[in-house]
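Topology and contacts: notes
In case you want the letters, here they are:
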Amino acid sequence: MLQRIAGPQLAAAAVLFGEVLDGAEAERAGLRRGAACPAPDLLPAAATLAARAAAAPHELVARAKATLADVATIATHAEAVEREPATRCGR
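Residues numbered from 1 in each chain as written. Predicted model: local features only at pLDDT ≥ 70, side-chain atom pairs only at ≥ 80, totals over all residues. Heavy atoms only, no water.

1. Focus: the overall build of the protein chain
Inclusion rule: Here a helix means four or more residues in a row that DSSP labels H or I, a strand means two or more in a row labelled E, and each is numbered from the N terminus. We take the radius of gyration over the C-alpha atoms and set the globule estimate at 2.2 Å times the residue count to the 0.38 power.
A count of helices and strands for the protein chain gives 6 helices and 0 strands. Going from N to C terminus, the protein chain has its helices and strands arranged as α-α-α-α-α-α. Its C-alpha atoms give the protein chain a radius of gyration of 18 Å, more than 25% over the compact-globule value 12 Å for 91 residues. Projected onto its principal axes, the C-alpha coordinates of the protein chain cover approximately 45 × 35 × 20 Å.

Given below as structure tokens:
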């Protein structure tokens, strides 16, 4: 997944050489979502995000995750149109 988002060079540097990106580098590579968080605020911010996810109905979260995984395998608009009715009906 890292290679898809950030490209093969960055993925290789991270995996093979153990290079760690700072916030600015992660943002340039498309790996950071939202504003940077100072280190002392990081765990409380993560806990807040996790609590929001945990509060969502389990079935809805499971279905959303399945849909996101399914969409990742669709390469063309025609495939999406073909698959959409089955997805909407839960098949």
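There is more to say after this.
2. Description of a nonpolar patch on the surface
As a reminder, the rule being used: Nonpolar side chains (Val, Leu, Ile, Met, Phe, Trp, Tyr) are joined into patches within 5 Å and like charges within 9 Å, using only residues with over 30% relative accessible area and no salt bridge. In these tables, accessible area is a Shrake-Rupley quantity obtained with a 1.4 Å probe, and a residue counts as shielded only by the protein chains included in the view. Salt bridges are counted wherever a side-chain nitrogen of Lys or Arg sits within 4 Å of a carboxyl oxygen of Asp or Glu.
Nonpolar side chains collect at one region of the surface, where V15, L16 and F17 lie side by side and expose about 390 Å² of accessible area between them. Note that V15 resides in helix 2 (residues 8-17).

3. Focus: the environment of A50
Definition in use: Classification of residues uses two cut-offs on accessible area relative to the type maximum, computed with a 1.4 Å probe and protein chains only: under 20% is buried, over 50% is exposed, and between them is partly exposed.
As for its position among the elements, A50 is in helix 4 (residues 39-55). Classification of A50 as partly exposed rests on a relative accessible area of 45%. Residues A50 and T76, 26 residues apart in the sequence, show an inter-C-alpha distance of 33 Å.

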